[in-house]
Each structure stands twice: as structure tokens, then as C-alpha cells.
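Analysis of the macromolecular model
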Amino acid sequence: MPRPLLVLLVLAAATALGLWWRARNGRYTAVAPEVARAAQHDDDAPDEQGALLTPADLGVPLGGRATFLQLSSEVCAPCRRTHAVLEHLAATTPGVVHVDLDVVERLDLVHRFSVLRTPTVLVLDARGAVVGRASGAMDRRQAHAALQAAAPAHAGEGAAAGAHVVHDEQAGAPEPCPGGAALR
């Protein structure tokens, strides 16, 4: 095979792979409908898949509408972008909470939810059931779409304003994240 043709084939394959990767980045994937229905209708059922998270697991109260659990790493640029997007969404949307946890400090959650890259965002409903997830950097459009898919707004919703917290394992308590402050 001539060398120029080989180079063109490699470039075409790399371009196709790059476009596929970019299309999947930050895309929300809902939990299977039958699993979500079972979780909604059977509050007393044991959580066999480990999909329910409690305030004790997160170190903060759950959002009345939804909670975005972001699993990040300290040296991850897409994590910082996603953090800013979800922080803004939580601050401007009633009943939405954003929790940012470091994967190094929460290996239990990494293994429990098979996190393979950062950031990974788990979307929780008001009970703490994982209703969806996204891997890779999320933009505002993707974050709003994930919120709508996971927890559509209810007419007359009177929940308290959203909150954003960064959980600091060493301090042992969540701290509010002031706007524009460093992540950790």
C-alpha cells in the first residue's frame, strides 16, 4: 500500500474517532425506564444495585428536584468547566443541588458506579435514586437537558433556591462554594 494512501486512511480514522468522541462528550444517558419506574413505585424495596444515594453518602442534603453529583479529579480541565456550569445551574434553579466530589477521596463511589473518566456526573432524583449520568465536560445546554430529562419542572414548584456545595473530605463538612473561587 502506498505511503500517502496509508497516511490518508490513518487521518480519516483519527478524524472519525475524534468526531465520535466529541459527540459523546457530556451526553446524558438516562437509566432504563423499567428500573426508574421500579425505583419510583417501590420505596421499601432494597437497593440491590446500589443506585440510591443518601445525604450521608454525599455529606449534604439532596435537592428537592434533583442533585447533580459530579465526580472529578483535581487536574482535570473539563471538570472545572463542568463544575462552573453545574454551579450556575444549581444557583439559578430552585430545588437543584450540585455536589462535587474528588474521585481520589471517594473511591467507594467510583467503584460502585463504574466511573471510568472524569468528570462523571450522576443525576439523582429527590429520593437519591440515580436516574441518569453523563461523562465528559457538560455545557449549559446539556446540563439543562439532563435536568429536564431527569426531573421535569412542576408547575407552581415552590422549592427553595438551588444550592451548590463542594465536599471537603479533610474538613469533614461541606462548604458553600463562593462564585469564582477555586474548586478545592
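Scoring rules and cut-offs
Residues numbered from 1 in each chain as written. Predicted model: local features only at pLDDT ≥ 70, side-chain atom pairs only at ≥ 80, totals over all residues. Heavy atoms only, no water. Helix = DSSP H or I, 4+ residues; strand = E, 2+ residues; numbered from the N terminus. Buried < 20%, exposed > 50% of the residue type's maximum accessible area, 1.4 Å probe, protein only. Contact = heavy atoms within 4.5 Å. Areas by Shrake-Rupley, 256 points an atom, 1.4 Å probe, with all protein chains shown as cover. Pairing = 2+ DSSP bridges. Patch = residues over 30% accessible without salt bridge, like charges linked within 9 Å, V, L, I, M, F, W, Y side chains within 5 Å. Salt bridge = Lys/Arg side-chain N within 4 Å of Asp/Glu carboxyl O.

What about the overall build of the protein?
Summing up its helical and strand segments, the protein has 6 helices and 7 strands in all. Counting from the amino terminus, the protein carries its helices and strands in the arrangement α-β-α-α-β-α-β-α-β-β-α-β-β. A total of 184 residues make up the protein; the buried ones form 38% of that total. Expressed as a percentage of contacts within the protein between residues at least 6 apart in sequence, the contacts between residues at least 24 apart total 75%. Total accessible area on the protein is roughly 10400 Å²; 61% of this is exposed by carbon and sulfur atoms.

Section: the pairing of strand β5 (residues 130-135)
Sheet topology places strand β4 (residues 120-124) next to β5; 5 bridges connect them, and they run antiparallel. Across the sheet, L122 pairs through a bridge with R133, a residue of β5. As consecutive antiparallel partners, β4 and β5 are separated by 5 residues, and within that stretch G128 has a phi angle of approximately 100°, a positive value.

Points about a nonpolar patch on the surface
Together, M1, L5, L6, L9 and V10 make up a nonpolar patch on the protein surface, roughly 510 Å² of accessible area in all. Looking at where M1 falls in the secondary structure, it is placed in the segment before α1 (3-24). Residue M1 is classed as exposed on the basis of its relative accessible area of 70%.

By themselves, these observations are geometric and do not establish any function.
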